[in-house]
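# Structure at a glance
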There are 4 protein chains.
Amino acid sequence: MPAMGNTFGHIFRVTTFGESHGGGIGVVIDGCPPRIAISDADIQRELDRRRPGQSKITTQRKEEDQCEILSGIFEGKTLGTPVAIAVRNKDARPEDYSEIAAKFRPSHADYTYEAKYGIRNWQGGGRASARETVGRVAAGAVAKKVLSTFYPDFEIVTYVAQIHDIVAKINRSTVKMKDVEKNIVRCPDVAEAKRMISLIEQVRDEGDSIGGVIECVARGLAAGIGEPVFDKLEADLAKAMLSIPATKGFEIGSGFEATRMRGSQHNDPFEMHGKKIRTATNNSGGVQGGISNGEDIYFRVAFKPPATIAFQQKTVTSSKQDSELAARGRHDPCVLPRAVPIVEAMAALVLCDHALRHHAIGGRLE
Amino acid sequence: MPAMGNTFGHIFRVTTFGESHGGGIGVVIDGCPPRIAISDADIQRELDRRRPGQSKITTQRKEEDQCEILSGIFEGKTLGTPVAIAVRNKDARPEDYSEIAAKFRPSHADYTYEAKYGIRNWQGGGRASARETVGRVAAGAVAKKVLSTFYPDFEIVTYVAQIHDIVAKINRSTVKMKDVEKNIVRCPDVAEAKRMISLIEQVRDEGDSIGGVIECVARGLAAGIGEPVFDKLEADLAKAMLSIPATKGFEIGSGFEATRMRGSQHNDPFEMHGKKIRTATNNSGGVQGGISNGEDIYFRVAFKPPATIAFQQKTVTSSKQDSELAARGRHDPCVLPRAVPIVEAMAALVLCDHALRHHAIGGRLE
Amino acid sequence: MPAMGNTFGHIFRVTTFGESHGGGIGVVIDGCPPRIAISDADIQRELDRRRPGQSKITTQRKEEDQCEILSGIFEGKTLGTPVAIAVRNKDARPEDYSEIAAKFRPSHADYTYEAKYGIRNWQGGGRASARETVGRVAAGAVAKKVLSTFYPDFEIVTYVAQIHDIVAKINRSTVKMKDVEKNIVRCPDVAEAKRMISLIEQVRDEGDSIGGVIECVARGLAAGIGEPVFDKLEADLAKAMLSIPATKGFEIGSGFEATRMRGSQHNDPFEMHGKKIRTATNNSGGVQGGISNGEDIYFRVAFKPPATIAFQQKTVTSSKQDSELAARGRHDPCVLPRAVPIVEAMAALVLCDHALRHHAIGGRLE
Amino acid sequence: MPAMGNTFGHIFRVTTFGESHGGGIGVVIDGCPPRIAISDADIQRELDRRRPGQSKITTQRKEEDQCEILSGIFEGKTLGTPVAIAVRNKDARPEDYSEIAAKFRPSHADYTYEAKYGIRNWQGGGRASARETVGRVAAGAVAKKVLSTFYPDFEIVTYVAQIHDIVAKINRSTVKMKDVEKNIVRCPDVAEAKRMISLIEQVRDEGDSIGGVIECVARGLAAGIGEPVFDKLEADLAKAMLSIPATKGFEIGSGFEATRMRGSQHNDPFEMHGKKIRTATNNSGGVQGGISNGEDIYFRVAFKPPATIAFQQKTVTSSKQDSELAARGRHDPCVLPRAVPIVEAMAALVLCDHALRHHAIGGRLE
């Protein structure tokens, strides 16, 4: 793990680079096992799910996000060497950002980057732009391939569970990826999905923004994955999720609701299902003592409303004068539909890295 | 950061060791700056806050947890070399654990350790015991000393904000450590603290257990601390908190409530306070883009009810037979009072490590 | 530091990627301090020193090695974000390598990559090609800029000290970069340089290859840089040098000659030079207990003769049959002239990383 | 890998702690695979080989170095949790060191520690004392057990190959551990061993010191171990060796002699031995492109004469005055006999860590 924060993972290690404006952005994956089949299309498919301009409820910026694999793959298979993937930056409209050069946008990273580095690329958010997540999503596509190779039953499903005050009803145990992708808000509850879309459109028209909750469930992993103590599976998932822009909270299994339960309700009794040890309930969220128990791993992530809104807001200038600012440009009124593949990618990175860590001490040799 | 999960931090690096039974437990801190004044008493004071048997609402196990500094401190000051601190194990009652050798306790780590390692120390939870946190608390005491040396206004206050359904009213901006320590449940709201204590006693008498929420606020740090992208301050805090036994959730600043707010409400406007850039509100929780903005950093952690209860519960044996189990021994009906110093220690470890990381690229030279 | 070996350094962290054939090669630098002035030309100048085809005694392959900065630099200064630099692959002649697909070249990495990964890119050596060092040299150019910013007297001079049995006479204390660059073999001893060039040409014409020794001296660093115990400055320099293709040995200061000296000869007495503590001799090579003492840091690196020769050699096929093989293509009869900037780059990476590590615990604040 | 230098390894990670005086010294091993059989005696045996006072040619200080296993082992087997081993400090004679508090010993780390940290434990060398290697040797004993478990033919033999100008004749391919241990200088050439012992005694009586070369050979590992690029097996071995106090050089396989060979002599032709790919010669030292090829891995380490001698030497005081100093106390006239188990331990740590890294990406699953 790096000192400076642009690398994630211990064995399956992902380093992203790039600002929203400049030559380009991308990712280098070190520690990818060899002989994993992977194609450009596998990666591009995931990038397209994250891409701006994909539907009427996302930003209308046109970014093709065409990926190029620079290294690490030969005749359709990973070599065991670093997989480098780059995406060129296009569609720059620096004039959209001219005002930002001199003023700090409220609840953005403009001021904190300035405080930290004494310099910042003020074009479009620079390194703090959500565009940085392109590299994460590309790496996540590779991680999912690795996990499917080692665990044939592996499956990960991520979806919007709540937009503002609209809460979807979803059967977490049975929901499938195809249910997620059948509407533009990526919520498997068809009725609530419609209401969510209407609300996002309304808020966008008002120049405002809203947040919500994304839920993710991973199935088909073995028991025994995860490291006790500091690198518990839930700890690394929490870190992964809170590293995504605009997130404010994380809960695994019973989450904050557990605080109002009694031990006698909360405990998950073990029981034999044929020759397999299972739990009767799953308040643990598939993880006990930081290690997977073979049940579904599920967790929830809170997203705040995006900071960029059309309203005039109070702020200060970089020369320390009180001022005002209103956003221009084309922005997401709600990041959740496009954040679904990001949450999924980060979860895949955590699970893939932990699976390889488990193998390192003999975990798959039993 | 280690591959195997018993080390935390990048520059101020903490490695804990030890099982609940066996020779002893402890911690090695590498990367501690030299010439920081620290005494045995500074460390022992924190260990005593975590110690079992400290009040009527904690487990009645008697563990003195007397710390011994083995290295790294000379004539009352750190040398810049590893600070090793050990605590001997005492008061073993292996007979309390005989049944556990053959049966997996529900919602404990017994089964997952067995699945992972094919071996476990079944005496008292082994490495999964909360006793492991002794090393964290000792290291946190050192981290707080370092932070106070570099940031004289640094202050961290951690307290119980909720027990089961009892929610305390606390002014997060003004609450002080002395308010916390004036009752045994470590809740600064005196009235609710009394109700919390009664509830814990009642639940204990019923043989059951309950959870709650701990809140932590850190004041007096500079703007600019934290690494963008993967090692955002909130990401590392989330990881730190979810690495504590019995935690199920984390939220920073507005947290899950942010999911129901609009951007126009949620944004924190900047304004000049004299020559200092401040925000009018603090929904961000003191962190923007992963970097501190100079406001109070605050977050909340959800704890589930402890898994060890006196009830007869369904489980399975290690030879894969359905069975039943009831806990014996002396256990905490609610971990929150003793978890307060653990949350505080982990927060201090994150903040100290990030402060040093910031210095590495010149952060204190401005 | 990574689990999988394509990253170097702890704070100033360099990750290289790319095979000799395929999309391209490059490097991502994380942890570069902000506001360091750096231009494309600064980097290109170093790449040109490493470039094939630069003189009559190197391989005649034409690789332009034109670098492109993708991120991390804005208006001529580093941002504190990852600096990504890529070089496209060109001039592929896959027909040169067709035979290698089926046969393991003696003393190359063909067989060991196959043994490790079960797959390899057999075009031109793939990841094991010395072409990988392009990324190191680019990163080294940045590291030298950082060191010069923090230590204005910093200077690093690297040169060929021996080719085969021709040993140059060089005053290590006074030699300058301009002395090195005035001939194509990069040896500051003009007379011996001529003999070296003749020998390399002769060996090339015979289809054979030769090795030699490169020496490096770094001046102008403060005392106090380097970490005791495992990450001693000399330990990290040794690792850096032995990570360069074709190296077989490393010695610092008195090196292997120290084994035949007595302590009374070898010790470097301290003496005051004005207000500065200096040593009368420098058998230590500028490092004591793993930490710089302010004297010149110097070391030597042994390079073997390149494995690729025109002779027919015994080998085996990938289907485990005895066979024979003779190299085709355009190869270096002696790698040392082009290895000088690589040794220098790796030394700069080690020194820069250690300088920042020293700052992290307060080293520049005194 | 740590930022601050007291940890070694990526998966099998070793952190040492302790000064030569103070509570004690020791080691924490994280990432040790579970279910490895190991006893106190396995560790104590190695510590006894390193122990002062073991023969007439080592220092006569009496240190028992009795190890205590604090954690990580249960009923004779590793748990997969951190193995902590501590050794108490005894036999302190602070009066031996009183002069050192005020004067920097030539070619010791006194001055550089002071320059780095602004504080030092001047009793007996503090952290820079060779006593720190107790932790390395203890960890090496565990690493050898792990390697023997995974590779039943694994064998490592380390011996003194040269003392000052006395060079032993040893058949590197056949020499065994029992040949090493049959004399006190640990040189398998019986005739030269006698001369070495006489020379060490003579030099000791003169109050002077001498150095030499230790050679190490590891047999029985599979092909495929080692990471290409920065973490080449020879790079990590070089780092490991140069991290040992008093070392000045490292060479693998043909080493510095390779600089005077031609490619046609140096290349190791492949040939089939039954179904196994072997090399006819082994100038590579068992490593090609940073990865083991299944042949014996061998390397050599240069040790300088110890800095502590009985002669009056020029030096300076900590208050920057020219002065003189002569060592008191009981010191090694030649460190090599006691350094043999240290070299062996460090080699085992490198090989064990790389073996586990190889397993992490599937290396043992083929």
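Conventions used here
Residues numbered from 1 in each chain as written. Chains lettered and ligands numbered in written order. Predicted model: local features only at pLDDT ≥ 70, side-chain atom pairs only at ≥ 80, totals over all residues. Heavy atoms only, no water. Helix = DSSP H or I, 4+ residues; strand = E, 2+ residues; numbered from the N terminus. Buried < 20%, exposed > 50% of the residue type's maximum accessible area, 1.4 Å probe, protein only. Contact = heavy atoms within 4.5 Å. Buried area = accessible area lost by both parts, 1.4 Å probe. Salt bridge = Lys/Arg side-chain N within 4 Å of Asp/Glu carboxyl O. Polar contact = N/O pair within 3.5 Å; in protein donor to acceptor, adjacent residues only side chain to side chain. Nonpolar A, V, L, I, M, F, W, Y, C, P; charged D, E, K, R; others polar. Pairing = 2+ DSSP bridges. Axes fitted to C-alpha atoms, helices over the stretch in contact; angles between N-to-C directions. Least-squares fit on C-alpha atoms with pLDDT ≥ 70 in both. Parallel < 35°, antiparallel > 145°, perpendicular 65-115°, else oblique. Left-handed = near helix turned anticlockwise from the far one by under 90°.

## Remarks on the environment of Ala-37 of chain C
Residue and element names in this part refer to chain C. Within the secondary structure, Ala-37 sits in the loop between strand 3 (24-30) and helix 1 (40-50). Its relative accessible area of 43% is what places Ala-37 among the partly exposed residues. The spacing of Ala-37 and Ala-223 is 186 residues in sequence and 25 Å in space, taken between C-alpha atoms. Ignoring any residue separated from it by four or fewer positions in sequence, one finds Ala-37 in contact with Asp-42, Gly-76, Lys-77 and Lys-145.

## Regarding the side chain of Ser-71 of chain B
One can find Ser-71 of chain B in strand 4 (residues 67-71). With near-sequence residues (within four places) excluded, Ser-71 of chain B lies in contact with Pro-82, Val-83 and Ala-84 of chain B together with Phe-17, Gly-18, Glu-19 and Gly-24 of chain D.

## Section: the interface of chain A and chain B
Counting residues at the interface gives 110 residues for chain A and 110 residues for chain B. Here chain A and chain B share an interface that buries about 9,000 Å² over both sides, 60% of which is from carbon and sulfur atoms. When residues of chain A are sorted by the area they lose upon contact with chain B, Lys-116, Phe-230 and Lys-248 of chain A head the list and together hold 10% of the total. The tally of links from chain A across to chain B stands at 10 salt bridges. Across the pair Asp-231 of chain B and Lys-239 of chain A runs a salt bridge, and its minimum N-O distance is 2.7 Å. Taken together, the connections running from chain A to chain B amount to 47 residue pairs in polar contact (both at pLDDT 80 or more). In terms of residue class, the side of chain A that touches chain B is made up of 48 nonpolar, 35 polar and 27 charged. Bridging between strand 11 (residues 247-252) of chain A and strand 11 (residues 247-252) of chain B involves three bridges; their strand directions are antiparallel. Note that in strand 11 of chain B the partner of Phe-250 of chain A across the bridge is Phe-250 of chain B.

## Points about the sheet that holds strand 8 (residues 155-163) of chain C
With antiparallel pairing, 10 strands are arranged side by side in an open sheet as 9(C)-8(C)-10(C)-16(C)-11(C)-11(D)-16(D)-10(D)-8(D)-9(D). Both outer strands of the open sheet, strand 9 (166-167) of chain C together with strand 9 (166-167) of chain D, are each paired with one neighbouring strand and no more. Those strands touched by helix 8 (residues 336-360) of chain D are strand 8 (155-163), strand 10 (212-219) and strand 16 (297-303) of chain D, and its axis lies near 140° from that of strand 8 of chain D.

## As for the relation of the copies chain A and chain B
Superposing chain A onto chain B requires a rotation of 180° together with a translation of 0.0 Å along the rotation axis, leaving an RMSD of 0.0 Å. The symmetry that links the two subunits is that of a two-fold axis. Here 100% of the interface residues in chain A have copies in chain B that are interface residues too; the copies meet face to matching face.

## Let's talk about the sheet that holds strand 7 (residues 83-88) of chain D
Pairing between the strands of a sheet comes from backbone hydrogen bonds, and it takes one of two forms, parallel or antiparallel. Residue and element names in this part refer to chain D. Across the sheet, which stays open at both edges, the five strands sit in the order 1-2-3-7-4 with antiparallel pairing between neighbours. Edge strands, defined here as strands with exactly one partner in the open sheet, are strand 1 (7-8) and strand 4 (67-71). The sheet contact formed by strand 4 and strand 7 spans four bridges and is antiparallel. Considered in strand 7, the bridge of Ser-71 is made with Ala-84. Contacts between helix 1 (residues 40-50) and the sheet are confined to strand 4 and strand 7, with strand 4 contributing the most and set at about 135° to the helix.

## What to know about helix 1 (residues 40-50) of chain A
Counting along an α-helix, one turn takes 3.6 residues, and residues three or four places apart therefore face a common direction. When we look at burial in helix 1 of chain A, the residues that qualify are Asp-42, Ile-43, Gln-44, Glu-46, Leu-47, Arg-49 and Arg-50 of chain A. Looking at the buried positions of helix 1 of chain A, the neighbouring elements they touch are strand 4 (67-71), strand 7 (83-88), helix 3 (133-150), helix 4 (177-180) and helix 8 (336-360) of chain A.

## Some words on the pairing of strand 11 (residues 247-252) of chain D
Residue and element names in this part refer to chain D. Within strand 11, six of the six residues are buried, leaving the element largely enclosed by the surrounding structure. Note that strand 11 and strand 16 share five bridges and pair antiparallel. Bridged to Thr-247 within strand 16 is Phe-303.

## Let's talk about the packing of helix 8 of chain A against helix 8 of chain D
Where helix 8 of chain A contacts helix 8 of chain D, the axes come no closer than 7 Å and their chain directions differ by 130°. One finds that helix 8 of chain A runs oblique with respect to helix 8 of chain D. Here the hand of the crossing between helix 8 of chain A and helix 8 of chain D comes out right-handed. Two secondary-structure elements touch here, helix 8 of chain A through Leu-356, His-359 and Ala-360 of chain A and helix 8 of chain D through Leu-356, His-359 and Ala-360 of chain D. The residue inventory of the contact of helix 8 of chain A with helix 8 of chain D, partitioned by class, reads four nonpolar, two polar and no charged.

## A short note on the packing of helix 1 of chain A against helix 3 of chain A
All names here are of chain A. Helix 3 packs onto helix 1 with a crossing angle of 135° between their chain directions and a minimal axis gap of 9 Å. Overall, the two elements helix 1 and helix 3 adopt an arrangement that is oblique. With respect to the hand of their crossing, helix 1 and helix 3 are arranged in right-handed fashion. In this structure, helix 1 contributes Asp-42, Ile-43, Glu-46, Leu-47, Arg-49 and Arg-50 to the contact, and helix 3 contributes Thr-133, Val-134, Val-137, Ala-138, Ala-141, Val-142, Lys-144 and Lys-145. Grouping the constituent residues of the contact of helix 1 with helix 3 by class yields seven nonpolar, one polar and six charged.

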